[in-house]
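Chain by chain, the residues run as shown.
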Amino acid sequence: ADLEQEEASRVQATPKTEDLLTVDPLKIELGYALIPLADPKQGGDLLARIQIIRQQTATKMGFIVPVIRVVDNMRLRPNEYRVRLREANIASYELAADQFLAMNPGLVEEEIDGTPTKEPAFGLPAVWVNHHDRDRALRLGYTIVEPSAVLATHLTELVMAHADELLSREDVQALIKHVKEKAPSVVEELIPTHLTIGELQKVLHNLLRERVSIRNLEVILETLADYAPRTRDTELLAEYCRHRLAREICASYVDEEDALHVVTLEARLEQELLDALQRAETGEYIPIDPRRADVIATNALQAVQSLVIMGHEPIVLSSASVRRYVKRIIERKQPRVVVLSYNEIDP
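Residues numbered from 1 in each chain as written. Predicted model: local features only at pLDDT ≥ 70, side-chain atom pairs only at ≥ 80, totals over all residues. Heavy atoms only, no water.

1. Examining the sheet that holds strand 1 (residues 26-30)
Condition: Any two strands are treated as partners once DSSP identifies two or more bridges connecting them. Under the scheme used here, helices are H or I runs from DSSP no shorter than 4 residues and strands are E runs no shorter than 2 residues, and both carry numbers assigned from the N terminus. As a rule, the C-alpha atoms of each element are fitted with a line to give its axis, helices using only the stretch in contact, and angles between N-to-C directions run from 0 to 180 degrees. Note on definitions: a residue-residue contact is assigned when non-hydrogen atoms from the two residues lie within 4.5 Å.
Strand order across the open sheet formed by 4 strands is 2-1-3-4, with mixed pairing between neighbours. Here the strands that pair on one side only, and so sit at the sheet edges, are strand 2 (68-72) and strand 4 (88-94). Strand-to-strand, the axes of this sheet are offset by a mean angle of 20 degrees, without reference to chain direction. Of the strand pairs in this sheet, strand 1 and strand 2 are connected by 5 bridges, and their pairing is parallel. The residue of strand 2 that forms the bridge with K27 is R69. Helix 2 (residues 46-61) contacts strand 1 and strand 2 of the sheet and is inclined by roughly 160 degrees relative to strand 2. Packing against the sheet, helix 4 (residues 147-161) makes contact with strand 1, strand 2, strand 3 (80-85) and strand 4, and its axis sits at approximately 155 degrees to strand 4.

2. Side note on helix 3 (residues 131-140)
Put simply, the rule reads: As used in this structure description, the phrase polar contact means that two N or O atoms lie within 3.5 Å; if the pair is within protein, one of them must be able to donate a hydrogen and the other to accept it, and residues adjacent in sequence are counted only when both atoms belong to side chains.
Its side-chain oxygen at 3.1 Å from the backbone nitrogen of H132, N130 defines the N-terminal cap of helix 3. Count one or two residues on from helix 3 and you reach G141, which has phi positive near 105 degrees.

3. Remarks on the side chain of E270
Our working rule: Only protein chains enter the accessibility calculation, which uses a 1.4 Å probe; a residue whose area is less than 20% of its type maximum is buried, one above 50% is exposed, and one in between is partly exposed. Two residue types count as positive, namely Lys and Arg, and two as negative, namely Asp and Glu; His and chain ends fall outside the count. What makes a salt bridge here is a side-chain nitrogen of Lys or Arg within 4 Å of a carboxyl oxygen of Asp or Glu, nothing more.
With respect to the secondary-structure elements, E270 resides in helix 12 (residues 267-279). Although E270 lies buried, it forms no salt bridge, and the closest oppositely charged side chain, R323, sits 11 Å away as judged by the N-O distance.

4. With respect to helix 13 (residues 290-309)
We apply this condition: A helix is expected to span 1.5 Å for every residue after the first. We define the bend at each residue as the angle formed by axes fitted to the 7 residues ending at it and the 7 residues starting at it.
In this model, helix 13 (20 residues) spans 29 Å end to end at C-alpha, consistent with the 28 Å of a helix rising 1.5 Å per residue. Maximal helix bending in helix 13 amounts to about 25 degrees, located at A303. Every buried residue belonging to helix 13 is among A293, I296, A297, A300, L301, V304 and L307, and all of these are buried. The residue sitting at the N-terminus of helix 13 and contributing the capping side-chain oxygen is D289; that oxygen lies 2.8 Å from the backbone nitrogen of R291. Taken from the residues just after helix 13, G311 is the one with a positive phi, measuring 90 degrees.

5. Brief notes about the packing of helix 8 (residues 197-209) against helix 10 (residues 234-244)
Basically, it comes down to this: Oblique is the label for any angle not covered by the other classes, which are roughly parallel (under 35 degrees), roughly antiparallel (over 145) and roughly perpendicular (65 to 115). Left-handed describes a crossing whose near helix is turned anticlockwise from the far helix by less than a right angle; the clockwise case is right-handed. Residue polarity is assigned by list, with Asp, Glu, Lys and Arg as charged and Ala, Val, Leu, Ile, Met, Phe, Trp, Tyr, Cys and Pro as nonpolar; anything else, Gly included, falls into the polar class.
Relative to each other, helix 8 and helix 10 sit at 55 degrees, their axes nearing to 9 Å. When the axes of helix 8 and helix 10 are compared, the pair comes out oblique. For helix 8 against helix 10, the interelement crossing comes out right-handed. From helix 8, E199, K202, V203, N206 and L207 reach across to helix 10, where they touch T234, E235, L237, A238, C241 and R242. Across the contact of helix 8 with helix 10, the residue classes tally to 5 nonpolar, 2 polar and 4 charged.

6. Examining the pairing of strand 4
As paired strands, strand 3 and strand 4 are joined by 6 bridges and run antiparallel to one another. Bridge pairing links E80 to E94 in strand 4. As consecutive antiparallel partners, strand 3 and strand 4 are separated by 2 residues, and within that stretch R86 has a phi angle of approximately 50 degrees, a positive value.

Spatial relationships are all this shows, so hold off on functional conclusions.
And the structure:
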């Protein structure tokens with residue numbers, strides 16, 4: 001009888017074959033030296049930070065980030081972590097688990113001793129300093145970040161950069177159900193008569209890909225109800241939604257004086273892109289010479305450098321008709337450059 005019970009418990013402990021097919025939307029793998037960061041019993045606050053990230057993303061971007069699994073991986077270097085999106089590696093970094101990351105906000109005159117590195121989320125220069133030098137670094141004006149906060153900041157940036165890939169069709173269905181409780185008429189008018197759930201998902205992906213919040217989903221659905229009877233081009237529909245969300249989009253980029261600092265496209269360049277588009281039969285690609293696109297992207301990056309140096313967002317402003325194509329050209333070299341159209345400027 002004991003053997004039978006033992007055998008039964010062993011069978012129960014064996015994972016079902018179907019479970020092996022499950023793919024985690026987001027997963028963090030930790031080297032063994034980083035495991036204490038995720039263990040509350042050892043003072044680790046990583047899990048609490050992840051929960052805050054999920055809440056902040058829901059508030060800011062309007063969708064629920066899937067549960068993020070944290071696991072150990074003995075094949076990683078002791079201080080290394082790796083972030084996987086649907087089992088594909090999207091980032092990795094080595095933390096000094098017992099040190100602090102010191103970053104110069106631009107005002108520090110005296111450098112501090114430590115191990116030079118680059119902060120993982122934005123690639124900014126930084127220095128790993130030990131506990132003894134932490135207070136001195138603070139006095140000198142450095143920004144001090146603890147290891148779990150470095151990982152959390154990196155994770156936040158990765159979630160923002162891959163938001164469109166994290167929004168599944170099931171998520172879209174749940175968001176629509178939520179809107180339907182408050183505004184059933186707009187949902188019934190739009191779906192499925194003019195757009196399928198899949199087409200709506202593509203519109204939302206296009207918005208999230210450029211970090212436009214979809215929290216104001218009722219307005220987005222109303223806009224789609226206005227324009228979907230005329231076109232089912234999900235990229236064009238996303239542009240119409242951006243125009244309607246101008247106030248929210250601008251609010252993300254204005255300075256303390258409500259001013260927007262931008263680099264504008266020269267009229268001749270806009271006309272060149274328009275002429276190229278009119279020759280194309282489809283808007284699925286950018287119908288200009290790749291070498292010319294490379295020159296445009298390089299020049300744009302040089303032009304926005306002055307904005308970045310002054311502490312502003314790197315923003316390029318163009319006419320609405322070419323905005324998405326300008327974005328595609330520039331993002332090949334630098335996805336963080338924001339491209340706005342005149343229609344997206346809040347009066």
